[in-house]
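Analysis of the macromolecular model
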Amino acid sequence: MRGTQSSSNIVHIVGGGLAGSESAWQIAEAGVCVVLHEMRPKRMTEAHRTDGLAELVCSNSFRSDDAANNAVGLLHAEMRRLGSLIMRCADVNQVPAGGALAVDREGFSSAVTRALIEHPLIDIRRDEVADLPPADWGNVIVATGPLTSAPLADTIRKLTDENALAFFDAIAPIVHRDTIDMNVAWFQSRYDKVGPGGTGADYINCPMTKEQYDAFVDALLQGEKIDFREWEISTPYFDGCLPIEVMAERGRETLRHGPMKPVGLTNPHDPTTKPYAIVQLRQDNKLGTLYNMVGFQTKLKYGAQQRIFRTIPGLEKAEFARLGGLHRNTFLNSPKLLDRQLRLHADPRLRFAGQMTGCEGYVESASIGLIAGLYAAADARGKQLSPPPATTALGSLLNHITGGHIETIEQGSRSFQPMNINFGLFPPLADLPTRKVDGTRLRGNEKTIARKQAISARALSDLDCWIADNLCIAAAA
Ligand SMILES: Cc1cc2nc3c(=O)[nH]c(=O)nc-3n(C[C@H](O)[C@H](O)[C@H](O)COP(=O)(O)OP(=O)(O)OC[C@H]3O[C@@H](n4cnc5c(N)ncnc54)[C@H](O)[C@@H]3O)c2cc1C
């Protein structure tokens, strides 16, 4: 490292994955020295196969590259504007994949590794950080990902006073609120219970007849499921959550006595008919644009989930912001444990980035690495960086992680779950587009397309202003 800064100004990054690599690049490009600690190849994870930085452990896709119509495509565009190394290396290693950005995985990882090795302000050390970082590391980013090594996970668990850090996520599907048919469904809490922070009408309820319930249970039993990987078998279920198809296997009535019980609720569309079973959805973000399907964690394949869940009355046209799943993960209860700049309340010299913070996916992890890097660089330079606008993809994801999520109404269970970027995380538009450029009325799906495009245009314009106000000044100072 050829920097001239004192050790107190050096940023230490733990983990050279998608997030840590992007953080290192952003910090070094801001003129601050970085030490990047990566444990591979000395110690491997269960999924990584190489010693390359930013290794893609599974698919080689960064998903849609359509910035106007797709939230992850918009995140790509924002990251490119912010000089992202991950996006630059993805672009030069692109392979044909229709509208998606897919990469040659070895070429991509080699390009990231080379860029970081060649940067004069970055020192890469191949060591595992197994304990609390030493006291003289004053500015640290922990980006050790979903497969954080066990000793470090244990240290973080003790520091945060959490019961668990590595477990199976019990992820239930999340639905865009505006795709639920409220002529069929209705708002009501069981027994109209107000509870702490509730209104008595906090859930969306979807009613089922006996015939519909029987057909639903049959579909669950027959639906295609994903197998566990061998190393996943030894990881415990979080909160003892069982997948719905496993509950269905235990008896045809099990779901009706569990998450689908039809008690304490009256259907205002048909008050004299008692539903045989009810599916409930609970508000998932403060904006009220997303609702999760209560108790619907599942290992069904994505195609089967969409097909089966759209047979639920009221969800025939549901669009899913996230589908359900169960997989091993390591992530923090970020809204509780981190401040708005991703620093740990319990030890603010530690900042977290990547999937550990509760985002999901390569691109999202890298984007949170990017913003964590900008914050750490600003700290090292004694500057303040204002947060990216909530109207941008980066800002909306950061908001979800650090506080945008609402707490569960029931006591005891942890409700924060990792999330991909999606349009449901953005603040709604003040004025919804109603007409096309030629003045004719927008119809049906055209309205959804126009809404997404307006959100994207707003995001890029607001991001440009934020960059002009913050980063050019920081770079010039
Ligand atoms: C099995 C599996 C499959 C996945 N498939 C996909 C997919 O297809 N598409 C997708 O978008 N996302 C997928 N993900 C999610 C994906 O891994 C993450 O989104 C992304 O890689 C997270 O980036 P990260 O930087 O937070 O963590 P990682 O990219 O995992 O990087 C963390 C790094 O930290 C290192 N490390 C861990 N502990 C220590 C330590 N104590 N000291 C030093 N270094 C350490 C690791 O070796 C690793 O290099 C998958 C995850 C898993 C576990």
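Residues numbered from 1 in each chain as written. Predicted model: local features only at pLDDT ≥ 70, side-chain atom pairs only at ≥ 80, totals over all residues. Heavy atoms only, no water.

Describing helix H8 (residues 302–309)
Heads up, the rule is: Type-normalised accessible area, obtained with a 1.4 Å probe on protein chains alone, sets the label of each residue: buried when under 20%, exposed when over 50%, and partly exposed for intermediate values. Helix numbers and strand numbers start at the N terminus; a helix is a DSSP run of H or I with at least 4 residues, a strand a run of E with at least 2. Here the arc refers to the set of directions running from the helix axis out to each C-beta atom. Residues are treated as being in contact if the distance between any of their heavy atoms lies within 4.5 Å.
Of the positions making up H8, those classed as buried are Ala304, Gln305, Ile308 and Phe309. The buried side chains of H8 occupy one side of the element, clustering within an arc of 110 degrees when seen end-on. Pointing more than 90 degrees away from the buried face of H8 are the exposed residues Gly303 and Arg307. Tucked into the core, H8 has its buried residues touching helix H6 (210–222), helix H7 (244–249), strand S13 (290–293) and strand S14 (320–322).

Quick notes on the pattern of salt bridges
How we decide: The rule for a salt bridge is simple: a side-chain nitrogen of Lys or Arg has to be within 4 Å of a carboxyl oxygen of Asp or Glu.
Applying the stated criterion across every chain, the model contains 20 salt bridges. Of the charged contacts in the structure, one is a salt bridge between Glu55 and Arg40, with a shortest N-O distance of 3.3 Å. Of this pair, Glu55 sits in the loop between strand S2 (34–37) and strand S3 (61–64) while Arg40 sits in the loop between S2 and S3, and the two are 15 residues apart along the sequence. Of the two residues, Glu55 and Arg40, neither departs from the other in class, the shared state being buried. Between Arg252 and Asp218 there is a salt bridge, with its nearest N and O atoms 3.0 Å apart. Of the two residues, Arg252 sits in the loop between H7 and strand S12 (277–283) while Asp218 sits in helix H6, which places them 34 residues apart along the sequence. Connected through shared salt-bridge partners, Lys210, Asp214, Asp218 and Arg252 make up one network.

Some details on the site of the ligand
This is how the line gets drawn: Proximity is defined per residue: if any heavy atom of the residue lies within 4 Å of a molecule or strand, that residue is considered near it. We define a polar contact as two N or O atoms separated by no more than 3.5 Å, with the added condition that, inside protein, one atom must be a possible hydrogen donor and the other a possible acceptor, whereas residues neighbouring each other in sequence contribute only through side-chain atom pairs. Every accessible area reported is derived by Shrake-Rupley at a probe size of 1.4 Å, with residue values counting cover from the shown protein chains alone.
If you check the shell around the ligand, you find 32 residues, and the closest are Ala19, Glu38, Arg40, Gln355 and Tyr362. At a separation of 2.8 Å, an oxygen atom of the ligand approaches a polar backbone atom of Ala19. Here Ser149 contributes a side-chain N or O atom positioned 2.9 Å from a nitrogen atom of the ligand. Coverage of the ligand by the protein amounts to 91% of the 980 Å² it exposes when considered alone. Where the shell around the ligand is concerned, the elements lending two or more residues are helix H1 (18–29) and helix H10 (362–380).

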